[in-house]
Amino acid sequence: MKFYVVFILSFFITNMFAQTKEVDNLLEKVNQASTPQEKKQLIEKIKKELAQKNIKAREEADAIIKAKEKMPKKLFDEKVLEK
């Protein structure tokens, strides 16, 4: 059981760092690009990557908000059981 927990945690941690490295790598390529056309293409690619991540984060936030709306706002009242 511990093996699975460690495996899952390590997978998520490496995956999170890999996502940030993708954007960093693209930024480095933009700085090293020799022609303006190449820079424009790489900047467009960065825009698409960031837009996709933004959409994903927004969907996750909406899902969390919907889940919180379904939670009861009042605690259970034990007086109902006493009757």
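Residues numbered from 1 in each chain as written. Predicted model: local features only at pLDDT ≥ 70, side-chain atom pairs only at ≥ 80, totals over all residues. Heavy atoms only, no water.

Novice: Would you explain the overall build of the protein in this entry?
Specialist: The helix and strand tally for the protein stands at 3 helices and 0 strands. When the helices and strands of the protein are read in sequence order from the N terminus, they spell out α-α-α. In the protein, which comprises 83 residues, the share counted as buried stands at 7%. When the accessible surface of the protein is totalled, it reaches about 8,300 Å², and 62% of it is carbon and sulfur. (Helix = DSSP H or I, 4+ residues; strand = E, 2+ residues; numbered from the N terminus. Buried < 20%, exposed > 50% of the residue type's maximum accessible area, 1.4 Å probe, protein only. Areas by Shrake-Rupley, 256 points an atom, 1.4 Å probe, with all protein chains shown as cover.)

Novice: Help me out: how do you make sense of the nonpolar core in this one?
Specialist: What tends to happen in soluble globular proteins is that the nonpolar side chains get buried as a cluster. Leu26, Val30, Ala33, Leu42 and Ile46 together form the largest nonpolar core, which totals 5 residues. If you list the elements that add at least two residues to this core, you get helix H1 (2-32) and helix H2 (36-70). Contacts of Leu26, omitting those with residues within four sequence positions, involve Leu42, Lys45, Ile46 and Glu49. (Core = buried A, V, L, I, M, F, W, Y, C linked by side-chain atoms within 4.5 Å. Contact = heavy atoms within 4.5 Å.)

Novice: I'm lost on the pattern of salt bridges in this one. Help?
Specialist: Oppositely charged side chains can pair when the atoms bearing their charge come close. Considering all chains together, one arrives at 1 salt bridge under this definition. A salt bridge links Glu44 to Lys47, with the nearest nitrogen and oxygen atoms 3.6 Å apart. Taken together, the positions of Glu44 and Lys47, both in helix H2 and 3 residues apart, correspond to about one turn of that helix. Residue classification places Glu44 among the partly exposed residues on the basis of a relative accessible area of 42%. (Salt bridge = Lys/Arg side-chain N within 4 Å of Asp/Glu carboxyl O.)

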